[in-house]
Amino acid sequence: MCGIIGYIGPKAVAPILLEGLKRMEYRGYDSAGVALLNGTGLQTRRAAGKIANLEAALASQPITGVVGIGHTRWATHGPPTERNAHPHRSGDESVAVVHNGIIENANTLRSALVELGYEFRSDTDTEILAHLIEELFDGSLEEAVIAALTKVEGTYGLAVVSSRDPGKIVAARKGSPLLIGIGVGENFLASDPSAVLAHTRNVVYLNDGDVAVIERDAYRVIDRHAATIPHTVDRIQWDLAEIERGGYDHFMLKEIFEQPMSVENTMRGRLILADGTAKLGGINLTHADLMNIDNVVITACGTSWHSALIGEMMIEELCRIPVEVEYASEFRYKNPIVTDRTLCIVISQSGETADTLAAMREAKRRGAKTLGLVNVVGSTIAREDDGGVYLHAGPEIGVASTKAFTSQVVALALFTLKLARKRDLSVVRGREIAQAMHGLPAQLAEVLASAPAIEAIAEEFKESTNFLYLGRGYNFPAALEGALKLKEISYIHAEGYPAAEMKHGPIALIDDRMPVVFVAPHDAVFDKVVSNIQEVRARHGRTIVITSRDEPALKGLIDYEIRIPETEDMLMPILSAVPLQLLAYYIAVKRGANVDQPRNLAKSVTVE
Ligand code: F6R
């Protein structure tokens, strides 16, 4: 999704902006641009496509300045062309704006500005802001920005510079993340901590409604009356090495291989083996709160929604509390049954997904307690939930979520264990589950050792045009996740289904060209899945089976086998996810796809 960077300080501005934009490449974008201010006014360079194109434009026509803003765009209003790339300038070229989000009353504002004589040079809603700020300018850029924002409906993270009030960047946030990076004799603005991490760890996360004025030696956070408001300075916990590829061909592969460590980090200091429970410091739920939960709603999008489905099964099985899983985009517009005895678990890697955030706010509004399972520290969901469990999986840069998924399932297991032990789960059973969790990092390392064998399977199937992924019980969501991984990075059509449900439709697709991936470890429903494998074989489907034992029942049914170790049924998707991720990865690479930045996708979906 769109990225914003700003810099004011003594160094050459354009290279800093370019570097920041490159650090945010992983978020997904389709064009980029920068605007710099110097003694002679505003200069912009913009380019469609990759940041390399912008870099080339800057190399052939360099610009210099002492303050600048930059942007990577993910098209919403108008196609991804140079003309629509940000920054957008006002009619008199005095104001430049970069903007993430959507202006909902764009048509009304545009008509009013056209009436006043403004000519539009792009199809974007952002250009409106540039003209509006020019129109309302009366000596102070921050006041003009505040005045413009009173007329705007919608969401924004934005940064503005003006030659009529130089020496500052004005930023504002409503619904789209922004932070100030605090340096010495220099300051930064960014939508993502990774863009400033090479320069500073000290950041101020802006809240919705905040406006910021950033100068070379100072910054202020102000409200809508230009009055200074208090803020806190946070430290980014990540290291630069964590947001670099570190010798791997792709971030996705690096992140797949990090899973023994990321899962360990999710559990670190939380798993209490002796008591068969978990210690979760941030959930802000008292013993009484935990005992009084009548029902649980888990809401999320995409991969996080798949981990929610696994959480549903865990909580229902071990805590005997009814759980509903809702797509955040659907939940927010329903009339959901939520009371003050509802616990709403919100799952998000980025902590910024617009629909998930809105769903959480809706649940809160209706009186539910909210618990965020979030990876990005300081993100909006993490700051607005009532309590939370950070995943501590480390930065996930590859657009396809991998290590965040396994850490989400681990976090759900930790919470389930805690809740179940408060309620009816025996200490003996609790200990068994805790012990199994403790063994996961080593088991993940074992699964990763089969990467070369999975790569060989990928070679066989790289030309396939369709895939079916089937699983039952805890491994049905794993099948969904396997299908999502494949389609998003290889562009092969793939569907996940509960294995038995196949008979009610998808079986019609099966012939000798259809690869069917079965997630079939030896769990409570294993025998049932064997029957489903037989049904596929009888129709000459090609079977790739992820299983955990040498099973006589599988003899003659498997074309390609991937072996994983055994654990508790509820934890099995953590192990089965890894071969599914690797299969998708290797197929995509063999098809020449851009694995880390798949087409049309964004890492953090901050629009509805
Ligand atoms: C798929 C993927 C997406 C995200 C979804 C939610 O690989 O990454 O489906 O899972 O956009 O994102 P978060 O978890 O950041 O809310």
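Residues numbered from 1 in each chain as written. Predicted model: local features only at pLDDT ≥ 70, side-chain atom pairs only at ≥ 80, totals over all residues. Heavy atoms only, no water.

(A) Quick look at the domain arrangement of the protein chain. Domain annotation of the protein chain identifies domain 1 (3–236), domain 2 (246–438) and domain 3 (447–596). One C-alpha centre belongs to domain 1, the other to domain 2, and the line joining them spans 34 Å. Contact with domain 1, which involves seven residues of that partner, is made by nine residues of domain 2. Interface area for domain 1 against domain 2, summed over the two sides, is near 710 Å², with a carbon-plus-sulfur share of 50%. Per-residue buried area on domain 1 facing domain 2 is highest for Tyr26, Arg173 and Tyr205; these three make up 60% of the total on that side. For the pair domain 1 and domain 2, the number of links is one salt bridge. In this structure, Asp208 and Arg361 form a salt bridge, with 3.1 Å as the shortest nitrogen-oxygen distance. Across the contact surface, domain 1 and domain 2 share five residue pairs in polar contact (both at pLDDT 80 or more). For the side of domain 1 that touches domain 2, the per-class residue count stands at four nonpolar, one polar and two charged. (Domains from an automatic or database assignment. Contact = heavy atoms within 4.5 Å. Buried area = accessible area lost by both parts, 1.4 Å probe. Salt bridge = Lys/Arg side-chain N within 4 Å of Asp/Glu carboxyl O. Polar contact = N/O pair within 3.5 Å; in protein donor to acceptor, adjacent residues only side chain to side chain. Nonpolar A, V, L, I, M, F, W, Y, C, P; charged D, E, K, R; others polar.)

(B) Inspection of the pattern of salt bridges at higher detail. By the definition in use, this model includes 37 salt bridges. Residue Lys168 is joined to Glu142 by a salt bridge in which the shortest nitrogen-to-oxygen separation is 2.8 Å. Placement of Lys168 in the loop between β7 (156–162) and β8 (169–174) and of Glu142 in helix α5 (residues 141–149) is noted, with a sequence separation of 26 residues between them. Take Lys168: its relative accessible area is 8%, and that puts it in the buried class. Members of the salt-bridge network, linked through shared partners, are Glu142, Asp165, Lys168 and Arg220. (Helix = DSSP H or I, 4+ residues; strand = E, 2+ residues; numbered from the N terminus. Buried < 20%, exposed > 50% of the residue type's maximum accessible area, 1.4 Å probe, protein only.)

(C) Structural view of the site of the ligand. What surrounds the ligand is a group of 14 residues, the closest being Ser304, Ser348, Ser350, Thr353 and Glu488. A distance of 3.0 Å separates an oxygen atom of the ligand from a polar side-chain atom of Lys485. Contact with the protein chains hides 90% of the accessible area of the ligand, taken as 410 Å² for the molecule alone. Mapped by element, the contributors of at least two residues to the shell around the ligand are α9 (302–319) and α17 (475–490). Residues lining the shell around the ligand come from more than one domain, with at least three contributed by each of domain 2 (246–438) and domain 3 (447–596). (Near = heavy atom within 4 Å. Areas by Shrake-Rupley, 256 points an atom, 1.4 Å probe, with all protein chains shown as cover.)

(D) Here's a closer look at helix α3 (residues 106–115). If you check which residues of α3 are buried, you get Ala106, Leu109 and Leu113. Each buried residue of α3 lies within a common arc of 70° when the element is viewed along its axis, so the set occupies one face. α3 presents Asn107, Thr108 and Glu115 as exposed residues on the side facing more than 90 degrees away from its buried surface. Lining the buried residues of α3 we find α4 (126–136). (Arc of directions from axis to C-beta.)

(E) Highlighting the packing of aromatic side chains. Taken as a whole, this structure holds seven aromatic pairs when the rule is applied. Between Tyr7 and Phe188, the ring centres sit 5.0 Å apart and the planes meet at 45°, which makes this aromatic pair tilted. Of this pair, Tyr7 sits in strand β1 (residues 3–8) while Phe188 sits in strand β10 (residues 187–190), placing them 181 residues apart in sequence. What makes Tyr7 buried here is its relative accessible area of 0%. Classification of Phe188 by relative accessible area gives buried; the value is 0%. Aromatic pair Tyr585 and Tyr586: ring centres 5.2 Å apart, planes at 70°, arrangement edge-to-face. Residue class for Tyr585 comes out buried when judged on its relative accessible area of 3%. Grouped by ring-pair contacts, the aromatic residues Phe461, Phe467, Tyr469 and Tyr560 constitute a single cluster. Stacked on the ring of Phe120, the Lys or Arg Arg110 has its end atom at 5.5 Å from the ring centre. Above the plane of the ring of Tyr491 lies Arg599, whose end atom (NZ or CZ) is 3.9 Å from the centre. (Phe/Tyr/Trp six-rings, centres within 6.5 Å; stacked < 30°, edge-to-face > 60°. Lys NZ or Arg CZ within 6 Å of the ring centre and 35° of its normal.)

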